[in-house]
Amino acid sequence: MLPRLGRLVTQTSKLRSLTRNEPMKNLSFFSRYGYATVAPAETASDPPPHKDFPSKSLVNLDKMFWSKPCSLAIPKDSPLRIDEPDYVGIRRFILKMMMFYSKQSMSIRGANVIYKRIIAQVDKPEIYDVFNLEKTFKITFSLLVLHMWLVLRRLKEDGQEGVDLGQYVYEIYNHDVELRVSKAGVNLLLAKWMKELERIFYGNVVAYDAALLPEAKPNELQIKLWRNVFSDDGTTTPDNTDLKAAQAMARYVRRELGSLSLTDKESIFSGNFAFTPLESKPL
């Protein structure tokens, strides 16, 4: 599985297209639909699709995520930082002999902190409020994949060292997804669900990379986000509220990509960065 991830993050031109304890009916989405089904044209006789989302966004999405990207590094004096323990003397010597300070051990610790930053953003209630989303297994998983892609793409910018660290992050992600699926009530068919979720993960990542290619349409990222995050089955078309939410998320994604690129390597590799806060600003 790790070599497969390594091959994926080195390719960006191939055009293919979780909340915990949710009931199993939410998982049925993945067996029926792909990650980017082409939306059919609507006819006048077609009834509007049933939606359980809130009827109105709680924020003014038109005014969000227009600011210029900036570094996401957490300041040195911030209580949010998670730094390597600075042992000295005999304790440091013993830990060094036990490979605590080996490159692999430090990479694994860094990967754990990176994944904690991803989960912190995905689990915030604000991300659902701002983008007018229900907190379901499917939507949370889609947001998790999206933020994994953001981080893996940034790590790739630092060459093979970043790709190797990304593999550790992916392994932690994969274990977390397995726990989430188990808590959702899937046990006997766990291997089947994990294989399906892996397919969706890679499909989403390739689709997002393709949406950023120079030859992609201006609204390609917005379309991919609509199909992967907002749409129930990848075929419905957004109403005005959902369209604004998808447009805002596309701006959010592009801003986070720029901000991650501006974040220094040390902060990225140690996990000492934080995604842009999502504040629910009144209409």
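Look a little higher up for the structure.
Residues numbered from 1 in each chain as written. Predicted model: local features only at pLDDT ≥ 70, side-chain atom pairs only at ≥ 80, totals over all residues. Heavy atoms only, no water.

K.L.:
How would you sum up the overall build of the protein chain? Please name residues and give values.
P.N.:
A tally of regular secondary structure across the protein chain gives 11 helices and 0 strands. When the helices and strands of the protein chain are listed from N to C terminus, the series reads α-α-α-α-α-α-α-α-α-α-α. Of all 283 residues assigned to the protein chain, the portion counted as buried reaches 48%. (Helix = DSSP H or I, 4+ residues; strand = E, 2+ residues; numbered from the N terminus. Buried < 20%, exposed > 50% of the residue type's maximum accessible area, 1.4 Å probe, protein only.)

K.L.:
Outline the side chain of Glu 256, supporting the account with residue identities and numerical values.
P.N.:
Considering the arrangement of structural elements, one finds Glu 256 in helix H10 (residues 240-262). Taking relative accessible area as the criterion, Glu 256 reaches 0% and is therefore assigned buried. Apart from residues no more than four positions distant in its own chain, Glu 256 is found in contact with Leu 72, Leu 150, Phe 275 and Thr 276. (Contact = heavy atoms within 4.5 Å.)

K.L.:
Describe the nonpolar core, and please don't skip the residues or the numbers.
P.N.:
With 66 residues, the main nonpolar core has Ile 118, Phe 131, Met 148, Tyr 173, Met 249 and Val 253 as its most contacted residues. Looking at this core, the elements with two or more residues in it are helix H4 (103-122), helix H5 (125-130), helix H6 (137-156), helix H7 (159-183), helix H8 (190-211), helix H9 (220-230), H10 and helix H11 (265-270). If we skip the residues at most four places from it in the chain, Ile 118 touches Leu 144, His 147, Met 148, Val 151, Val 169 and Phe 275. (Core = buried A, V, L, I, M, F, W, Y, C linked by side-chain atoms within 4.5 Å.)

K.L.:
Summarise the packing of H9 against H10; cite the residues concerned and give the values.
P.N.:
Remark: H9 packs on H10, axes separated minimally by 9 Å, with the N-to-C direction vectors making an angle of 110°. In this view, H9 runs roughly perpendicular relative to H10, as classed from their interaxial angle. Two packed elements cross with a definite hand, and for H9 against H10 that hand is right-handed. Contacts from Leu 221, Gln 222, Leu 225, Trp 226, Val 229 and Phe 230 in H9 reach Asp 242, Leu 243, Ala 245, Ala 246, Gln 247, Met 249, Ala 250, Val 253 and Arg 254 in H10. (Axes fitted to C-alpha atoms, helices over the stretch in contact; angles between N-to-C directions. Parallel < 35°, antiparallel > 145°, perpendicular 65-115°, else oblique. Left-handed = near helix turned anticlockwise from the far one by under 90°.)

K.L.:
Describe in detail the side chain of Ser 270, supporting the description with residues and values.
P.N.:
Structurally, Ser 270 is set in helix H11. Looking at Ser 270, the relative accessible area reads 17%, which means it is buried. Engagement of the side chain of Ser 270 in a polar contact is seen with the backbone oxygen of Ser 267, the distance being 3.4 Å. Only 3.0 Å separates the side chain of Ser 270 from the side chain of Asn 272, close enough to count as a polar contact. (Polar contact = N/O pair within 3.5 Å; in protein donor to acceptor, adjacent residues only side chain to side chain.)

K.L.:
So, the pattern of salt bridges: which residues are in play, and what are the values?
P.N.:
Scanning the entire structure with this criterion turns up 13 salt bridges. A salt bridge links Glu 157 to Arg 154, with the nearest nitrogen and oxygen atoms 4.0 Å apart. Residues Arg 199 and Glu 196 are paired through a salt bridge, measuring 2.9 Å at the closest nitrogen-oxygen approach. In this pair, Arg 199 and Glu 196 are both assigned in helix H8, 3 residues apart and thus about one turn of the helix distant. Arg 199 gets classed as partly exposed once you look at its relative accessible area, which sits at 32%. Residue Glu 196 is classed as buried on the basis of its relative accessible area, which comes to 19%. Taken together, the shared-partner salt bridges in this structure form one network comprising Asp 123, Asp 176 and Arg 180. (Salt bridge = Lys/Arg side-chain N within 4 Å of Asp/Glu carboxyl O.)

K.L.:
Would you mind going over unusual backbone geometry in detail, with residue names and values included?
P.N.:
Positive phi values are uncommon outside glycine, yet Phe 65 reaches one of about 65°. Examined against the element boundaries, Phe 65 turns out to sit in the loop between helix H2 (28-32) and helix H3 (89-97). For Phe 65, a relative accessible area of 12% puts it in the buried group. Unlike most non-glycine residues, Asn 132 shows phi in positive territory, near 60°. Here Asn 132 is to be found in the loop between H5 and H6.

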